[in-house]
Amino acid sequence: MSFVQLQRPLQRGAAASLRGTTTTTTVAGLEERFTRLRITLQQTNAALQGTRYASVKSQGAYRIPNKKTIAKKMGAKKTGDQYVIPGNIIYKQRGTIWHPGENTILGRDHTIHAAVAGYVKYYRDPARHPTRQYIGVTFNREDKLPYPPGAPRRRKLGLVAVPRKTEEAPATPDALSPSGIPLAVTRLPQIEMREETAPEPVEAAVREPEKTPLKDGNSIISALIKDKLHKRRLQQAAAEKEKERLKKESEIRMNTRVLRLQDDYSYRESNWEIGRLVGDVGTIPGSEKMDSRRAKFRLRRRKRMCSFNAIKKRKAAKAQLREEYKARVRANREKRIAERRAFAAKVKAGAAAKGGDASGKVEA
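The protein chain goes by Large ribosomal subunit protein bL27m in an unreviewed UniProt entry, where it is assigned to Podospora bellae-mahoneyi. In its Sequence similarities (unreviewed entry) section, the UniProt record describing the protein chain reads: "Belongs to the bacterial ribosomal protein bL27 family."

Right, here's the structure in full:
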C-alpha cells in the first residue's frame, strides 16, 4: 500500500464536501475501508504527519558532565624503572609534591621532566631533606638513588677519557673554607721548560741584500721602493711573532682549569669558565671551529660586527686624513698668498722709493 492510494479517498471526500454533500458518509466510508485494510485512523494520522528523529548524533562526542570541571590529568606519567628520554613528563602536579632529583628538571607549572635518557627512580634523600620525596633518572636500571655520599657524579657525555698531565697548585690559607677544605683547585698544564735564548730582533731577522745603487735618475725611486718593501717585511715579521705569542697564550689558557668547590662538596669547573675558553674572534686560534649551530651563528654575527667596526674605523681614518690634507693644502695656499702679498708690497715700496728719487733729481 502506497501513500498515494491513501490520499485519493481524502481528495474525493474534500471534493464532495465542497459540492455540498454530507461528510458523515465520507467518514463512514473511510473507516470501513481502513477496517478492511486493518489500519486504524490514529495510525493513519501518525503516518500522514510523519515522525521526527534526532538531527545530530551524540554518540562519540565529549560532553562536560554537569557541575564538574574539565579533568586536569595530574599524577604520575612514568612508573619506577621505566625508560624515559630527555623531555619526557614523569610527574604532573600542582605544587611540589615531588621534588626534582638526579638528572631531572622542574617546569614552571611544577611538572617534573627527564633531563637525560635513563630509568625513573622514586626515592627519598634524608641527607638533603628529612621529609621531601624526589624523582630521579639513572643511566643503569640496577642503580639506586640517592648515590652514596662522596661518590663521583655520574654523567653520560659520550666522551673518551684521555690522561692529562697536570699539577695541583698549592692551596693558600685564604682559599680554604672554615672546615679546612680548599675552595678552588687550579690544574695547570705541564709545559716543557726549555732554555730560552734572547729573541733576535725583527730588524736583524729580516735582512735585505745590498745592491749597487743606480747611477741614473731612478736612484731616488729605487731607494724609496726599497725602503717601503723593507718596512712591509718588518710588519709581516712582527705580525707573525704576535700571532705565535697569542697562540701560545691560548694553549696555556685552554689547558688551565680551575675546579671550584660546589655545594655537594665536589670540585667542578663552572659553565661560564668553560664558555670563556672560546674567547673573542681572532684572539684564540681555532675558536671558529664549533659543533653547536647556535655557536656558529653567534660567531658569525660577532665576525660581522668586527668587520663592520673595522670598516667604520677605516672610513673614519680616511676622513681624518682627508681633513688633514685639506687643512695642509689650505695652510700652504694661505702661506703662498701671504708671501706673494709681501713680495708685491716690497716691490711696490721699492718702486715708490725709486720714483721719489727720480723726481728729486729732476727738480734739482
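Now, onward.
**Student:** Please explain the sheet that holds strand S4 (residues 99–100) as it appears in this structure.
**Tutor:** Each strand in a sheet pairs with its neighbour through backbone hydrogen bonds, running either in the same direction (parallel) or in the opposite one (antiparallel). Pairing is mixed in the open sheet, where 4 strands are placed in the order S2-S7-S8-S4. A single partner strand is all that each edge strand has here, and the edge strands are strand S2 (83–84) and S4. Both S4 and strand S8 (residues 133–138) contribute to a ladder of 2 bridges, which runs parallel. Counted as the bridge partner of His 99 is Tyr 134 from S8.

**Student:** Would you mind going over the environment of Arg 128 with me for this structure?
**Tutor:** With respect to the element layout, Arg 128 can be found in the loop between strand S7 (118–124) and S8. Judged by relative accessible area, which is 52%, Arg 128 ranks as exposed. Counting along the chain gives 18 residues from Arg 128 to Pro 146, while the straight-line C-alpha distance between them is 9.8 Å. Those residues within four positions of Arg 128 in sequence are excluded, and the remaining contacts are Pro 100, Gly 101, Tyr 123 and Tyr 134.

**Student:** What am I meant to see in the side chain of Thr 138 here?
**Tutor:** Considering the arrangement of structural elements, one finds Thr 138 in strand S8. Since its relative accessible area comes to 0%, Thr 138 is described here as buried. Within the structure, Thr 138 has its side chain in polar contact with the backbone oxygen of Asn 140 (distance 2.9 Å). Residues within four places of Thr 138 in sequence aside, it is in contact with Gly 118, Tyr 119, Lys 121, Asp 143, Leu 145 and Tyr 147.

**Student:** Hey, could you run me through the packing of aromatic side chains in this one?
**Tutor:** Note on aromatic pairs: each is described by the distance of the centres and the angle between the planes. As enumerated under the stated definition, the model contains 4 aromatic pairs in all. An angle of 65° between the planes, with centres 5.4 Å apart, marks the rings of Tyr 83 and Tyr 119 as edge-to-face. Taken together, the residues span a long stretch of sequence, with Tyr 83 in strand S2 and Tyr 119 in strand S7 at a distance of 36 residues. An angle of 25° between the planes, with centres 5.8 Å apart, marks the rings of Tyr 123 and Tyr 134 as stacked. On the criterion of sequence distance, the pair formed by Tyr 123 in strand S7 and Tyr 134 in strand S8 is long-range, its members being 11 residues apart.

**Student:** Help me understand the pattern of salt bridges in this model?
**Tutor:** Proximity of charged atoms lets side chains of opposite charge pair with each other. The tally for this structure, following the rule as stated, stands at 3 salt bridges. Residue Arg 245 is joined to Glu 242 by a salt bridge in which the shortest nitrogen-to-oxygen separation is 2.2 Å. Taken together, the positions of Arg 245 and Glu 242, both in helix H5 (residues 219–255) and 3 residues apart, correspond to about one turn of that helix. Owing to a relative accessible area of 39%, Arg 245 belongs among the partly exposed residues under this scheme. Salt bridges sharing common partners tie together Glu 242, Arg 245 and Glu 249.

**Student:** Is there a simple way to explain unusual backbone geometry in this structure?
**Tutor:** Trans is the common state for peptide bonds, and a negative phi is the common state for residues other than glycine. The omega angle of the peptide bond from Leu 145 to Pro 146 is 0°, so this bond is cis rather than trans. Following the sequence through the fold, Pro 146 ends up in the loop between S8 and strand S9 (166–168). Backbone geometry at Lys 73 places phi at a positive 60°, although glycine is not the residue there. Its place among the elements puts Lys 73 in the loop between helix H3 (41–49) and strand S1 (75–76).

Analysis parameters
The numbering scheme is per chain: residues are counted from 1 as the chain's sequence reads. In view of the model being predicted, local features appear only for residues whose pLDDT reaches at least 70, and side-chain atom pairs are presented and counted only at 80 or more, with totals across whole chains, interfaces and linings using the full set of residues. Hydrogens and water molecules were not included; the side-chain quantities draw on all heavy atoms of the structure. UniProt positions are given in the numbering used here, feature names are shortened, and annotations may be inferred rather than shown by experiment. One requirement defines pairing of two strands: DSSP has to find at least two bridges between them. Helix and strand assignments come from DSSP, with helices taken as H or I runs of at least 4 residues and strands as E runs of at least 2, each series counted from the N terminus. The buried label goes to any residue with under 20% of its type's maximum accessible area, the exposed label to any with over 50%, and the partly exposed label to all in between, with areas taken from a 1.4 Å probe on protein chains only. The contact definition used throughout considers only heavy atoms, calling two residues in contact when any of these lie within 4.5 Å. Under this definition, polar contacts are N or O atom pairs within 3.5 Å; protein pairs additionally need one hydrogen-donor-capable and one acceptor-capable atom, and for neighbouring residues in sequence, both atoms have to be side-chain atoms. Pairing of aromatic rings covers Phe, Tyr and Trp, the last counted by its six-membered ring, and requires centre-to-centre distances within 6.5 Å; plane angles under 30 degrees mean stacked, over 60 mean edge-to-face, and any other angle means tilted. In what follows, salt bridge is the name for a side-chain nitrogen of Lys or Arg lying within 4 Å of a carboxyl oxygen of Asp or Glu.

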